[in-house]
Amino acid sequence: MQTVVFNVEGMNCGGCVKSVTGILQGVDGVASAEVSLENKNATVSFDPAKTSPAALVEAVEDGGYEASL
């Protein structure tokens, strides 16, 4: 497992956190995702054989949020 922390912009409530968490957990290979509204970031543990940090960022951006490594 590999863990990455990246910035997430555009979240303004608990519903946004839930949405981003669901997006990340829906990516194949993600073991866990913790999203923080206060810190504006996401900590994700994933299998690097199945996905990549760039794919995680892309998934969040496809959900309508800004994300960057």
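First, a word on what this report is: a plain description of the structure on this page. Quantities reported herein were computed from a predicted structural model and do not represent experimental measurements. (Residues numbered from 1 in each chain as written. Predicted model: local features only at pLDDT ≥ 70, side-chain atom pairs only at ≥ 80, totals over all residues. Heavy atoms only, no water.)

1. Points about the pairing of strand 1 (residues 2-9)
Where strand 1 meets strand 3 (residues 41-46), six bridges bridge the pair, whose relative direction is antiparallel. Bridging across to strand 3, Phe6 finds its partner in Ala42. (Pairing = 2+ DSSP bridges. Helix = DSSP H or I, 4+ residues; strand = E, 2+ residues; numbered from the N terminus.)

2. Considering unusual backbone geometry
Most peptide bonds are trans, and most residues other than glycine sit at a negative phi. Residue Lys40 is not a glycine yet carries a positive backbone phi of 55°. Within the fold, Lys40 resides in the loop between strand 2 (30-36) and strand 3. Among the residues examined, Lys40 registers a relative accessible area of 40% and is labelled partly exposed. (Buried < 20%, exposed > 50% of the residue type's maximum accessible area, 1.4 Å probe, protein only.)

3. Describing the environment of Ser19
With respect to the helices and strands, Ser19 occurs in helix 1 (residues 14-25). Placed twelve residues apart in sequence, Ser19 and Ala31 show a C-alpha to C-alpha distance of 17 Å.

4. Some points on the sheet that holds strand 4 (residues 66-68)
Paired through backbone hydrogen bonds, the strands of a sheet run either parallel or antiparallel to each other. What the four strands build is an open sheet, ordered 2-3-1-4; its pairing is antiparallel. Both edges of this open sheet fall to strand 2 and strand 4, since each of them pairs with a single strand only. Strand-to-strand twist of the sheet, defined as the mean angle between neighbouring strand axes without regard to direction, takes the value 25°. On the sheet, helix 2 (residues 53-62) packs against strand 1, strand 2, strand 3 and strand 4 and is oriented at approximately 30° with respect to strand 1. (Axes fitted to C-alpha atoms, helices over the stretch in contact; angles between N-to-C directions. Contact = heavy atoms within 4.5 Å.)

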